[in-house]
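# Structure at a glance
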Amino acid sequence: MMYFCNVNRKLVILTLFLLITGISASYAQQRTSQPGKVYLTPMTVYEGDTIPYVKLPTVYIFKPLKFKNKREMTKYYKLIRDVKKVLPIANEVNRAIIETYEYMMTLPTEKERQKHMKAVEKSLKEQYTPRMKKLTFAQGKLLIKLVDRQTHSTGYELVKAFLGSFRAGFYQAFASLFGASLKKEYDPTGDDALTERVILMVESGQL
């Protein structure tokens, strides 16, 4: 799958041509450099015909960035660094939430669910506290937003759903002491548009 973002059509066609030509040339070189070897290619059946199947990675093409000054450029590269460090944690949080919710649905009573959540909270603190201490303030604030992006719920909503309103209020007050907010929402088309661009390119391996 390929997404085109404000880019000249001729540039897109040229990019595709170079990509296909490069793949073909690389394959041909392998065939000629090692004669006698057999190469297995994934196949698929389409309308009764067996044809080669190659899954290409998603490629995002954005309009080139223009920085007003060196400070802006440095800020952008710091954003890339922060996303690469924080995004895996946000993904882990998302998986933990899904697993916890699915398991809790198997517990028959509210008392058992509360007991399990206390164990989960303790485990998460032990697992993530050392990692959280290594994050910068900017990375911590970014993590709050990326949790919202990955889970479609703010940190405040998640704490409230699993631990109750009192705990949610406590953690929100604690975050406020450091100028952060668990209620921050991710806005991929607004304030967080550049972050979204970086995330897509990091996920596709382009950064």
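Residues numbered from 1 in each chain as written. Predicted model: local features only at pLDDT ≥ 70, side-chain atom pairs only at ≥ 80, totals over all residues. Heavy atoms only, no water.

### Brief notes about the nonpolar core
Counting 24 residues, the largest nonpolar core has V83, V86, L143, L146, V198 and I199 as its most contacted members. Broken down by secondary-structure element, the contributors of at least two residues to this core are α2 (70-104), α3 (110-133), α4 (137-151), α5 (155-163) and α7 (193-203). Examining the composition of this core, we find that 10 residues originate from one element, α2, more than from any other. The next biggest cluster of nonpolar side chains, apart from the first, holds 5 residues, and it includes I144, Y156, A180 and L182. (Core = buried A, V, L, I, M, F, W, Y, C linked by side-chain atoms within 4.5 Å. Buried < 20%, exposed > 50% of the residue type's maximum accessible area, 1.4 Å probe, protein only. Helix = DSSP H or I, 4+ residues; strand = E, 2+ residues; numbered from the N terminus.)

### Focus on the side chain of Q139
Within the secondary structure, Q139 sits in helix α4. Of note is the side chain of Q139, whose polar atom sits 2.9 Å from the backbone nitrogen of T136. Aside from chain neighbours lying at most four places away, what touches Q139 is R81, D82, K85, V86 and K134. (Polar contact = N/O pair within 3.5 Å; in protein donor to acceptor, adjacent residues only side chain to side chain. Contact = heavy atoms within 4.5 Å.)

### A word on the packing of aromatic side chains
Tallying each qualifying case throughout the model produces 3 aromatic pairs. Judged by centre distance (6.3 Å) and plane angle (20°), the rings of Y60 and F62 are stacked. On the basis of relative accessibility, which here comes to 14%, the residue Y60 falls in the buried class. Among the aromatic residues, those joined into a ring-pair cluster are F67, Y76 and Y77. (Phe/Tyr/Trp six-rings, centres within 6.5 Å; stacked < 30°, edge-to-face > 60°.)

### Notes on the pairing of strand β3 (residues 49-52)
Sheet topology note: the strand β2 (residues 43-46)/β3 ladder contains 4 bridges and is antiparallel. Looking across to β3, one finds that T44 is bridged to I51. In this structure, the hairpin formed by β2 and β3 is closed by a connection of 2 residues, where E47 is found at a positive phi of approximately 50°. (Pairing = 2+ DSSP bridges.)

### What to know about the pattern of salt bridges
Taken as a whole and assessed by the stated rule, the structure comprises 6 salt bridges. Here K145 ties to D192 by a salt bridge, and the two come within 3.0 Å at their closest N and O atoms. With K145 in helix α4 and D192 in the loop between α6 (165-176) and α7, the pair connects residues that are 47 residues apart, well separated along the chain. Neither residue differs from the other here; K145 and D192 are each classed as buried. Here E203 makes a salt bridge to R149, at a shortest N to O gap of 3.8 Å. Of this pair, E203 sits in helix α7 while R149 is found in helix α4, placing the two residues 54 residues apart along the sequence. When its relative accessible area of 45% is taken as the criterion, E203 is described as partly exposed. Through salt bridges with shared partners, a single ionic network connects R149, E196 and E203. (Salt bridge = Lys/Arg side-chain N within 4 Å of Asp/Glu carboxyl O.)

### Details of a negative patch on the surface
Judged by side-chain charge, E157, E185, D187 and D191 come together as a negatively charged surface patch. Within the element layout of this structure, D191 appears in the loop between α6 and α7. In this structure D191 comes out as exposed when scored by relative accessible area, which is 72%. (Patch = residues over 30% accessible without salt bridge, like charges linked within 9 Å, V, L, I, M, F, W, Y side chains within 5 Å. Areas by Shrake-Rupley, 256 points an atom, 1.4 Å probe, with all protein chains shown as cover. Lys, Arg positive; Asp, Glu negative; His and termini not counted. Charge placed at Lys NZ, Arg CZ, Asp CG, Glu CD.)

### A closer look at the confidence of the model for the protein chain
Summarising the model, the protein chain shows a mean pLDDT of 77, and 75% of its residues fall at 70 or more. Here residues 20-25 scores under 50 on pLDDT; set against residues more than four positions off or in separate chains, the count is 1 contact. (pLDDT = per-residue confidence, 0-100.)

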